[in-house]
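Architecture and fold: a report
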Amino acid sequence: MDKRLLTIQDISCVGQCSLTVALPIISALGIETAVLPSSVLSTHTAGFSGYTFRDLTEDMEGILAHWEKEKLTFDAFYTGYVSKEQIPIIIKIMEQTSRQGALRIVDPVMADNGKLYPGFSSDFPEQMAKLCRGASVILPNITEAAFLLGIPYPGDNRNGKDYDKSYIEEMLVKLMKLGCKNVVLTGVSFEEDKLGCACYDGKQIEYRFNKRLDAQMHGTGDVFASTFAGALCRGYSIPDCAKLAADMVIESMQATLEDKSHWYGVKFEKALPWLIKQVGC
């Protein structure tokens, strides 16, 4: 039986992020991709103004009831941008529609650059920590990790003075105590020209680094997490998932760099042929 993944996150109609990234990337990796939108926005919230927003929490219980009636189940779950009120329902969905050994991939989307995203209250990280409990793997950036742990944001380490390797490794150990099985901490840097992630399974820490591109683009976290989720479903090891995901981000950014008018996302579509070739789909 082919594997089926359910991704639960928002859909921004324009902006190359969230579900409009997850669905094509995971599908390109050969995984049947089911979706449960947590909300619908006309655009994403970074750089656009006056966007529309519709919360879909009230629909979730009815959708779950229908799935249970149809005996629909999933081999994997991948969560992104969700609300505090949705977390208990999402946990229920995972518990009631899981196939044996189902993966739970949690991208705790809530913050970046030391700040929570607009709309998230100060108690949201505590609720997100509940979703991380029991996860096969969590994919926080350093800001999200700091909020999950209730510690100050250390900085982006571009100058090599904000944190060192011992700080990151202590953070990984503390994140594991949230109750997850693996941690992949993104946005890690020990050298100015390199950026990557740290993978921890409770025993061993492995790092994966790429050359840092001199650009910041929206949606790169979604490209990383979606590629990671698809690769994990294909049986890749977690460090290999992280490497493939990071390389996919670089390919997507390089496809976008020359188009200065394309400020709202990355042209990940241009990198899909490269991704398909890497995994032999």
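Residues numbered from 1 in each chain as written. Predicted model: local features only at pLDDT ≥ 70, side-chain atom pairs only at ≥ 80, totals over all residues. Heavy atoms only, no water.

**Remarks on the overall build of the protein**
If you tally the helices and strands in the protein, you get nine helices and eleven strands. Against the 2.2 N^0.38 benchmark of 19 Å for 281 residues, the protein shows a C-alpha radius of gyration of 18 Å, consistent with a compact globule. Considering only C-alpha atoms, the protein reaches an extent of 55 × 40 × 40 Å along its principal axes. Taken across its 281 residues, the protein has 52% of its residues classed as buried. The contacts in the protein between residues at least 6 apart in sequence include a share of 67% that link residues at least 24 apart. Summing over all exposed atoms, the protein offers an accessible surface of approximately 13,100 Å²; the carbon and sulfur share of this is 50%. (Helix = DSSP H or I, 4+ residues; strand = E, 2+ residues; numbered from the N terminus. Rg over C-alpha atoms; globule rule 2.2 N^0.38 Å. Buried < 20%, exposed > 50% of the residue type's maximum accessible area, 1.4 Å probe, protein only. Contact = heavy atoms within 4.5 Å. Areas by Shrake-Rupley, 256 points an atom, 1.4 Å probe, with all protein chains shown as cover.)

**What to know about the nonpolar core**
Counting 45 residues, the largest nonpolar core has Leu6, Met128, Ile138, Ile168, Leu175 and Leu185 as its most contacted members. Core analysis: the next-biggest nonpolar cluster, separate from the first, contains 42 residues, Ala22, Cys199, Phe224 and Ile238 among them. (Core = buried A, V, L, I, M, F, W, Y, C linked by side-chain atoms within 4.5 Å.)

**Some words on the side chain of Gln127**
Examined against the element boundaries, Gln127 turns out to sit in helix H4 (residues 124–132). With residues near it in sequence (within four places) discarded, Gln127 still touches Lys84 and Ile87.

**A closer look at the pattern of salt bridges**
Evaluated as defined, the whole model comprises nine salt bridges. The partner of Lys92 in a salt bridge is Glu61, with the nearest N and O atoms 3.2 Å apart. Taken together, the residues span a long stretch of sequence, with Lys92 in helix H3 (residues 87–97) and Glu61 in helix H2 (residues 57–69) at a distance of 31 residues. For the salt bridge of Arg158 with Asp156, the shortest nitrogen-to-oxygen distance reads 3.4 Å. The partly exposed category is assigned to Arg158, whose relative accessible area is 35%. (Salt bridge = Lys/Arg side-chain N within 4 Å of Asp/Glu carboxyl O.)

**Structural notes on helix H8 (residues 238–254)**
Residues separated by three or four positions in an α-helix point in the same direction, a consequence of the helix having 3.6 residues per turn. Taking 1.5 Å of rise per residue, the 17 residues of H8 would be expected to cover 24 Å, and the 24 Å separating its terminal C-alpha atoms lies within 8% of that figure. Buried residues dominate H8, accounting for 13 of its 17 residues. (Expected span 1.5 Å × (residues − 1).)

**Quick look at a negative patch on the surface**
Among the surface-exposed residues, Asp55, Glu58, Asp59 and Glu85 lie close enough to one another that they form a single negatively charged patch. Along the polypeptide, Glu85 turns up in the loop between strand E4 (74–79) and H3. (Patch = residues over 30% accessible without salt bridge, like charges linked within 9 Å, V, L, I, M, F, W, Y side chains within 5 Å. Lys, Arg positive; Asp, Glu negative; His and termini not counted. Charge placed at Lys NZ, Arg CZ, Asp CG, Glu CD.)

**Focus: the pairing of strand E1 (residues 4–14)**
Taken across its eleven residues, E1 has eight buried, putting it largely inside the fold. Pairing analysis gives nine bridges linking E1 to strand E2 (residues 32–43), with the strands arranged parallel. Counterpart to Thr7 in the pairing with E2 is Val35. The β-α-β motif built from E1, the intervening helix H1 (residues 19–28) and the parallel element E2 has right-handed crossover chirality. Bridging between E1 and E4 involves four bridges; their strand directions are parallel. Its bridge partner being in E4, Leu6 is matched across the sheet by Phe77. (Pairing = 2+ DSSP bridges. Right-handed = clockwise from strand over helix to strand, strands pointing away.)

**Things to note about the packing of aromatic side chains**
Applying the stated criterion to the full structure yields 13 aromatic pairs. When the centroid spacing of 6.3 Å and the interplanar angle of 45° are considered together, the rings of Phe48 and Tyr264 count as tilted. Taken together, the residues span a long stretch of sequence, with Phe48 in the loop between E2 and strand E3 (53–55) and Tyr264 in the loop between H8 and helix H9 (272–279) at a distance of 216 residues. Note on Phe48: relative accessible area 22%, which makes it partly exposed. Here the aromatic rings of Tyr207 and Phe209 are separated by 5.8 Å at their centres, their planes lie at 10°, and the arrangement is stacked. (Phe/Tyr/Trp six-rings, centres within 6.5 Å; stacked < 30°, edge-to-face > 60°.)

**Some points on the pairing of strand E11 (residues 205–211)**
Two elements, strand E10 (residues 194–200) and E11, share seven bridges in a ladder whose sense is antiparallel. The residue of E11 that forms the bridge with Lys194 is Lys211.

**Quick notes on H3**
Along H3, the positions that sit buried rather than exposed are Ile87, Ile89, Ile90, Ile93, Met94 and Thr97. Along the long axis of H3, the arc covered by the buried residues comes to 160°, so they all point the same way. The inward-facing, buried residues of H3 contact E1, E2, H2, E4, strand E5 (98–106) and H4. (Arc of directions from axis to C-beta.)

**Remarks on the side chain of Thr43**
Mapping Thr43 onto the fold places it in strand E2. The exposure class assigned to Thr43 is buried, which follows from its relative accessible area of 13%. Discounting chain neighbours no more than four positions away, the residues touching Thr43 are Ser12, Val14, Phe48 and Tyr51.

In short, shape yes, function no, at least from these values alone.
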